[in-house]
Every structure is written in structure tokens, then in C-alpha cells.
Amino acid sequence: MNILLIGSGGREHALAWKMAASPLVDVVHCAPGNPGMDAVGPCFDVAADDVDGLVKLALQVEPDLVVIGPEAPLALGLSDILRARGFDVFGPSKAAAQLEASKAFSKARMVKYGVPTAAYGEFTEAGPAKAFLKKMQAPYVLKADGLAAGKGVVIAETLAEAEAEVDEMLSGKFGSASATLVIEEFMHGEEASVFVITDGVGAVYLPAAQDHKRVGDGDTGPNTGGMGAYAPAPVVSTEIMERVKREIAQPMLKGMAKDGMPYQGALYIGIMVTPEGPKVVEFNARFGDPECQVLMKGLTGDIVPLILIAATGGLKGSEKDFERLLELEAFRPTASVVMAAKGYPGSYDKGSVIEGVDAANALPGVTVFHAGTDIAPGHKLVAKGGRVLNVTASGATLKEAVERAYAGVDAIGWPEGFCRRDIGWRALKD
Ligand code: AMP
Ligand code: GLY
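From a predicted model like this one, the values you see are computed outputs, not experimental measurements.

### A short note on the site of ligand 1
Phase 1: With respect to spatial proximity, 15 residues lie near ligand 1, and among them Glu184, Glu185, Met187, Glu191 and Glu282 are the closest.
Phase 2: Between ligand 1 and the protein, one listed contact pairs a nitrogen atom with a side-chain N or O atom of Glu184 at 2.7 Å.
Phase 3: One nitrogen or oxygen atom from the main chain of Glu185 is found 2.9 Å from a nitrogen atom belonging to ligand 1.
Phase 4: Residue composition of the shell around ligand 1, grouped by class: eight nonpolar, no polar and seven charged.

### Things to note about the packing of helix α8 (residues 126–135) against helix α9 (residues 159–170)
Phase 1: It is at 10 Å that the axes of α8 and α9 come closest, and there the two elements cross at 155 degrees. Judged by the inter-axis angle, α8 sits roughly antiparallel to α9. In this structure, α8 crosses over α9, and the sense of that crossing is right-handed. Where α8 abuts α9, its residues Ala126, Ala129, Lys130, Leu133 and Lys134 lie against Leu159, Ala162, Glu163, Val166, Asp167 and Leu170.

### Section: the pattern of salt bridges
Opposite charge on two side chains permits them to pair, given that their charged atoms come into close proximity.
Phase 1: Taken as a whole, this structure holds 25 salt bridges when the rule is applied.
Phase 2: Between Lys143 and Glu184 there is a salt bridge; the shortest N-O distance is 3.0 Å. Here the residue Lys143 occupies a position in strand β6 (residues 140–144), and Glu184 occupies one in strand β8 (residues 181–184), the gap between them amounting to 41 residues.
Phase 3: Among the charged side chains, a network of salt bridges with common partners joins Lys103, Glu191, Lys213 and Glu282.

### Some thoughts on the nonpolar core
Phase 1: Grouped together as the largest cluster of nonpolar side chains are 49 residues, with contacts concentrated most on Ile269, Ile271 and Phe283.
Phase 2: Counting residues per element, this core draws most heavily on helix α10 (residues 238–258), at eight residues.
Phase 3: With residues near it in sequence (within four places) discarded, Phe283 still touches Leu99, Glu100, Ser106, Met110, Ile248, Met252, Leu267, Tyr268 and Ile269.

### What about the site of ligand 2?
Phase 1: The local shell around ligand 2 consists of Asp211, Gly225, Tyr268, Asn284, Arg286, Gly288, Asp289, Pro290 and Glu291.
Phase 2: Between ligand 2 and the protein, one listed contact pairs a nitrogen atom with a backbone N or O atom of Gly225 at 3.5 Å.
Phase 3: Contact distances for ligand 2 include 2.8 Å between a nitrogen atom and a side-chain N or O atom of Glu291.
Phase 4: About the coverage of ligand 2: the protein hides 89% of its 190 Å² of free accessible area.

### Brief notes about the packing of aromatic side chains
A ring pair, where both rings are aromatic, is described by two values, the distance of the centres and the angle of the planes.
Phase 1: For the structure shown, the criterion picks out six aromatic pairs.
Phase 2: Residues Phe90 and Phe287 carry aromatic rings whose centres are separated by 6.4 Å and whose planes lie at 25 degrees to one another, so their mutual orientation is stacked. You can see Phe90 sitting in strand β4 (residues 89–90) and its partner Phe287 sitting in the loop between β16 (277–284) and α11 (291–298), a full 197 residues away along the chain.
Phase 3: Judged by its relative accessible area of 4%, Phe287 is buried.
Phase 4: Ring plane angle 85 degrees and centroid distance 5.0 Å describe the contact between Phe195 and Tyr268, whose orientation is recorded as edge-to-face.

### Considerations on the pairing of strand β13 (residues 220–223)
Phase 1: Two elements, strand β12 (residues 214–216) and β13, share two bridges in a ladder whose sense is antiparallel. In the strand pairing of β13, Arg214 is matched with Asn223.
Phase 2: Counting the residues that bridge the hairpin from β12 to β13 gives three residues, and of these Gly218 lies at a positive phi of roughly 75 degrees.

### So, the environment of Ala257
Phase 1: Mapping Ala257 onto the fold places it in helix α10.
Phase 2: Separated by 161 residues in sequence, Ala257 and Ala96 have C-alpha atoms that sit 9.4 Å apart.
Phase 3: Apart from the residues within four sequence positions on either side, Ala257 is in contact with Gly200 and Pro262.

### Comments concerning unusual backbone geometry
Phase 1: Ala31 connects to Pro32 through a cis peptide bond whose omega is -5 degrees.
Phase 2: Cis geometry is adopted by the peptide bond preceding Pro232, which originates at Ala231 and carries an omega value of -5 degrees.
Phase 3: Its location among the elements puts Pro232 in the loop between β14 (228–231) and α10.
Phase 4: Of note, Glu62 is a non-glycine position whose phi angle comes to about 45 degrees, a positive value.
Phase 5: Tracing the chain through its elements places Glu62 in the loop between α3 (51–61) and β3 (65–68).
Phase 6: Of note, the phi angle at His379 is positive, near 60 degrees, even though the residue is not glycine.
Phase 7: Relative to the assigned elements, His379 resides in the loop between β19 (373–376) and β20 (380–383).

Cut-offs used in this document
Residues numbered from 1 in each chain as written. Chains lettered and ligands numbered in written order. Predicted model: local features only at pLDDT ≥ 70, side-chain atom pairs only at ≥ 80, totals over all residues. Heavy atoms only, no water. Near = heavy atom within 4 Å. Polar contact = N/O pair within 3.5 Å; in protein donor to acceptor, adjacent residues only side chain to side chain. Nonpolar A, V, L, I, M, F, W, Y, C, P; charged D, E, K, R; others polar. Axes fitted to C-alpha atoms, helices over the stretch in contact; angles between N-to-C directions. Helix = DSSP H or I, 4+ residues; strand = E, 2+ residues; numbered from the N terminus. Parallel < 35°, antiparallel > 145°, perpendicular 65-115°, else oblique. Left-handed = near helix turned anticlockwise from the far one by under 90°. Contact = heavy atoms within 4.5 Å. Salt bridge = Lys/Arg side-chain N within 4 Å of Asp/Glu carboxyl O. Core = buried A, V, L, I, M, F, W, Y, C linked by side-chain atoms within 4.5 Å. Buried < 20%, exposed > 50% of the residue type's maximum accessible area, 1.4 Å probe, protein only. Areas by Shrake-Rupley, 256 points an atom, 1.4 Å probe, with all protein chains shown as cover. Phe/Tyr/Trp six-rings, centres within 6.5 Å; stacked < 30°, edge-to-face > 60°. Pairing = 2+ DSSP bridges.

Given below as C-alpha cells:
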């Protein structure tokens, strides 16, 4: 089988690596890919948001399956365009991808389908937004409606800060993404991510993961795209997982299908485990990054049959068979540590040389996924992004997985990089 994978981050490197290991797969073409993916399959220099270029590339390489990694092409409708051309695609339609691309859309769907989430209001004008804030309690949660590279959520401690934020957002702080604003109730609890792979009707659930969004140890400092992750996350007990399925995933999938927007692909359910049970923080229309790296590394079975049936339909009733092929029961505790360029999530330099990736990969249980690397003249591996490497490791226990991942980090020579030293702390604290 011939796969075309869209994207260039650590998430896509992990997907390429996992899919290429399947006996069903002959080649994984990547667009645009990265130096790590280059070692897995041929990379083509077409950007993940260049819809016309990607359609042309698909017509050229004639894949049996297209897998879309990031949200940007999904929001642009790449799945619909490729499906109209006869390709099988893993990734939701433009309509269904609004669950991520528009927070107002997503909240309205949750309310319509009775899915537990924070109470909210939706605003395009400052007056009503500020009147709504006065009725809420601190801290105040303000969200840009549209895609803002993970930066569109502001948590304000005081009413004055929240009111100032309303003015900034509505006057274009996040461009057109914040022309509409969602203000919601603050939820207390512990966050986790649940991933559902679905053809719109049937659903297979992967082990719950936990991401570390803040830049600093102890979950301090500004928010990032994610500084590390691990799975399984013990905060999602069997009972919580059952509630996520019954109270969140199933009503969403049913509702979306009934309303003519069946959701196909990977659905990321960001939850807050509150004293009343799991509530939705957000949906994403794709795998999480770096959660995907953890899941692909920890799964010992084959994921390609599941991805294929999610794209083509017919999963309902056969979920158990696909769980067996995935070897879901044998999932290995896994952690991923993000190595980022010093300065991230603020400004950072590009072009510093990275050494020791091969040495890290040679350590027991370790796989290094590339997220923001490049090859400079002289075949040197250099940094070209904020989040640069994802040092990922499995072990018999989460403790061993974390120790192995940090042994991998310590084998890498990159003085211009940094990482958190406490990935997995919530699960390891007892
Ligand atoms: P989002 O992009 O919607 O996931 O929001 C980014 C982060 O802000 C989340 O991962 C949470 O840590 C936090 N957050 C968002 N919404 C809420 C909420 N209603 N209550 C508490 N924290 C929230
Ligand atoms: N790790 C968070 C995200 O992918 O949105």
C-alpha cells in the first residue's frame, strides 16, 4: 500500500514511522516532511497548506490512502477536495473540522448534543462581552474563535485584565481569528487528552495521554504547543474513560452524523476531570502533538488497518478486531520529552547544530522524532523551529520510560536547546 502523509512535525514523523512499520505498507510519501521523515519515505517540497500543490502531488503519486496530520489543511477543506477526486482520506471534512477551527461552532455543538463543557457566551462586540464578564467569577477564560496556533486562549485573573483583553482581541490581537470571542466559565481539575479514531459511526479509543503545556518545570510559565507528554494517564480511570465515551464522544459523533457532518479521522478530546466528572476543554480535529508521538511509540500492534477503515467506513461492530490488531491491551507506558530552542515560546535563534541523535536512538526503548530540524550544508542537522526534537521512550513502567527518555536527551549535544526535566510528574508523584 502507498500512503501520502501531509505535515512536517513530530506528530507526522511518528505517524510516518509507525505506518511504515506495517506489513501492509510499501511506501509512505511525505509532504513536506522533515529530515527525520526523509529516512522513512520520500519527502516532497509541498507545504501542508498548499491545497492545489497537494492535490497535484496526490495525482502524481496516486496514494491508496492520504493521511492529514495538521489542522491547517483540514480547515481549508483538503479532505473534501481529495475525496471528490476519488482518494481515500484519513481526516475530517472542512465542516466537521470546525470542531477545532471555530470555538463558537464547537461550543454550540456541545450544547446542542448535551455534552458537558464550561458555560459560555459568544461575542463580536465589546459591550455585551463586558456585561457577560461581570456575571462571571475570576479567573476569566477568553478564547479567540479561530485558529491561533495554540495561543488564542487567555486566562485573566482580574476583571480589569479580562476587560482589556476583550478590547485587544476584538480589535485584532489574533487577526480575524479573534473577530469572534468565546468567554467561558473556569473549570477546576486535571486535564487529559483522549483520542478517538472513527469513521463517523464506529469508534476505537486510544489510551488517554497527558500533555505538559507550560514551558517550565512544575507547570509554570507561559503556555506552549506542548513540552512533553505521556500515556497512559492514570487520571483517566476506567470509569472516567467510560464516561468520556458515553457522555462526550458518542453524542458528538452521533450528532455530527445526524446533522450531515460525519466526523472521520482522529478526534482529540481535551478534557478537564472535574469533581462532577469529565468536561470538554476543547476538541481538535487531529492527533495531539506531542501526544501522538507517545501513542505511536507505545502501541505495539498495527495501526494502518484502523486508519484505513476510518477513512473508508465500516468500523461499527468490528471495533474489537481493530483493537486486537493494535494490541491495545499491550500498550507500553511511554513518555516524550520535547527539546526546544532556548527562548521558545518567545523568539529564538535558528541554525544551531545538533549532535548525538543517532546515539540517542541507539539507547534501549528510545526513538527521537524530528519536529523542527533541517539539514545544513555539510549534512549537519540544525534547529529550524521552536520545538525541535521529541525524545520518546517506552518502558516496562512509566518511571522507566521517563528515565529512558531523559537518557536519550542527555545523549544529545545541543547547547542551544532546553527541555523540561519533570515530564510525567503527576503520574509519578505517588
Ligand atoms: P484550549 O486551546 O481551549 O485547549 O485552551 C488552552 C488551555 O487553557 C487549556 O489546555 C487549559 O489549560 C486552559 N483552559 C481552556 N479553557 C479552560 C476552562 N474553561 N477552564 C480552565 N482552563 C481552561
Ligand atoms: N498537545 C496539544 C495539541 O496538540 O493541541
